[in-house]
Amino acid sequence: DGIDPEELATRLIPVLPLQGADRTLTIQAKLVDPEFTTEDAKKLGIKQRVSEFVTYYPYSPYRDINQSEAARRINGHLIKPGETFSFNEVVGPRTAAAGFVKGNVISGGVFKMDYGGGVSQVATTTFNAAFFAGLDDVEHHPHSLYLSRYPVGREATVSYGALDLRFKNPYDTGIVIRAWVDKSAPGRQGAMHVQMYGTKVYEVTAGQSERRNFRTPGTREISSPTCSPQSPITGFDIDIYRTFKKDGKVVRKETHTTRYKAGDRVVCVKDD
């Protein structure tokens, strides 16, 4: 049952100026056609888990909060045939009002505290689930520095209003995202999970080249009170391959190149 919006509006407006007992309205609920029917759902062909990916992180209360908030927003999201998923559009701004807290983010080649730190781990895990589901890569941005907790060359950072993660569903069937966090605790790492459900078309595998074009980090002294010491991180380039197979035969291959900058060693110094 439901209320016809047009009927409600037509009958409500004359009642609004009235006072007391006269300001009442009785309206009968009627059978209304759903915008999305069971038949519509069946036509989407969502039959099985087509991919899943998990990444891990050490005990971190801010990651527990921020990743859970982002995961909650993308969990259950439907990508219809031909639609493009936008991480920033679905998750929204990472602000205190939206339930996010401050955590480590990379800015200008160094780590600093800002709202939504750790959300890029949700993006990275989602990117990999989309990668193995065979979805079209529309936009992704690797971290500027290589972070060893992520699969090399296959990761994505996001920044609301600047860097997005977008992928398109190229299939005739729908895709539903399932995402959740196993929160960390002292002595226990946390886990970020993302699964994709739909109809499996291809077997998708990943490969990679050797690392090359190594870049040597330098040393940077920072006197800011918000400075965090940082170990040096070597930069390099690497190619990532994605292979699509159907009935055991290779249908196509894709290559994308990830380029990591060198991360300077950061020494925090006091002002004289």
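Small disclaimer: the values here were computed from a predicted structure and weren't measured.

Q: So, the sheet that holds strand S8 (residues 175-182): which residues are in play, and what are the values?
A: In space, the four strands of this open sheet follow the order S1-S9-S8-S2, with antiparallel pairing throughout. A single partner strand is all that each edge strand has here, and the edge strands are strand S1 (48-57) and strand S2 (78-79). Relative to strand S9 (residues 190-198), S8 runs antiparallel, the two sharing seven bridges. Following the sheet pairing, Trp180 is matched in S9 by His193. On top of the sheet, helix H3 (residues 61-74) reaches S1, S8 and S9; it is set at about 160 degrees to S8, its chief contact. With respect to the sheet, helix H5 (residues 119-133) is in contact with S1 and S9, its orientation differing from that of S1 by roughly 150 degrees.

Q: Help me get a handle on the packing of aromatic side chains, residues and values and all.
A: The relation between two aromatic rings is expressed through the spacing of the ring centres and the mutual angle of the planes. Scanning the model with the defined rule gives ten aromatic pairs in all. Relative to Phe132, the ring of Phe131 lies with its centre 5.0 Å away and its plane at 70 degrees, an arrangement referred to as edge-to-face. Seen from their ring centres, Tyr171 and Tyr202 are 6.2 Å apart, and the 50 degrees between their planes marks the pair as tilted. Of the two residues, Tyr171 is situated in the loop between strand S7 (166-168) and S8 and Tyr202 in the loop between S9 and strand S10 (203-208); the sequence distance between them amounts to 31 residues. Note on Tyr171: relative accessible area 13%, which makes it buried. By relative accessible area, Tyr202 is classed as buried at 19%. Taking NZ or CZ as reference, Arg178 lies 4.2 Å from the ring centre of Trp180, over its face. Sitting over the face of the ring of Tyr202, Arg252 holds its NZ or CZ atom 5.9 Å from the ring centroid.

Q: Let's hear about the packing of H3 against H5: which residues, and what values?
A: Orientation of H3 relative to H5, taken along the N-to-C sense of each, is 45 degrees, at an axis distance of 8 Å. Considering the angle they form, H3 stands oblique to H5. You can see that H3 and H5 cross each other, and the crossing is right-handed. Taken together, the residues of H5 that come into contact with H3 (itself represented by Arg63, Asn66, Gln67, Ala70, Ala71 and Ile74) are Val119, Gln121, Val122 and Thr126. Grouping the constituent residues of the contact of H3 with H5 by class yields five nonpolar, four polar and one charged.

Q: Tell me about the nonpolar core, and please be specific about residues and values.
A: Of all hydrophobic cores here, the largest spans 37 residues; its most connected members are Phe87, Leu135, Leu165, Phe167, Ile177 and Met196. For this core, the secondary structure elements donating two or more residues are S1, H3, helix H4 (87-91), H5, S8, S9 and strand S13 (235-246). Broken down by element, this core gets its largest block of residues, nine residues, from H5. Counting residues in each nonpolar core, the second largest holds five residues, with Tyr146, Phe236, Ile238 and Tyr260 among its members.

Q: So what's going on with the state of the cysteines? Which residues, and what values?
A: Two cysteines whose sulfur atoms are joined by a covalent bond form what is called a disulfide. Inspection of the entire model under this criterion finds one disulfide. One disulfide in the model links Cys227 with Cys268; its S-S distance is 2.0 Å. Negative torsions about the S-S bond denote left-handed disulfides, and the value of about -80 degrees found for Cys227 with Cys268 makes this one left-handed. Separated by 41 residues along the polypeptide, Cys227 in the loop between strand S12 (219-222) and S13 and Cys268 in strand S15 (residues 265-268) bring together distant segments of the chain.

Cut-off values and rules
Residues numbered from 1 in each chain as written. Predicted model: local features only at pLDDT ≥ 70, side-chain atom pairs only at ≥ 80, totals over all residues. Heavy atoms only, no water. Pairing = 2+ DSSP bridges. Helix = DSSP H or I, 4+ residues; strand = E, 2+ residues; numbered from the N terminus. Contact = heavy atoms within 4.5 Å. Axes fitted to C-alpha atoms, helices over the stretch in contact; angles between N-to-C directions. Phe/Tyr/Trp six-rings, centres within 6.5 Å; stacked < 30°, edge-to-face > 60°. Buried < 20%, exposed > 50% of the residue type's maximum accessible area, 1.4 Å probe, protein only. Lys NZ or Arg CZ within 6 Å of the ring centre and 35° of its normal. Parallel < 35°, antiparallel > 145°, perpendicular 65-115°, else oblique. Left-handed = near helix turned anticlockwise from the far one by under 90°. Nonpolar A, V, L, I, M, F, W, Y, C, P; charged D, E, K, R; others polar. Core = buried A, V, L, I, M, F, W, Y, C linked by side-chain atoms within 4.5 Å. Disulfide = S-S within 2.5 Å.

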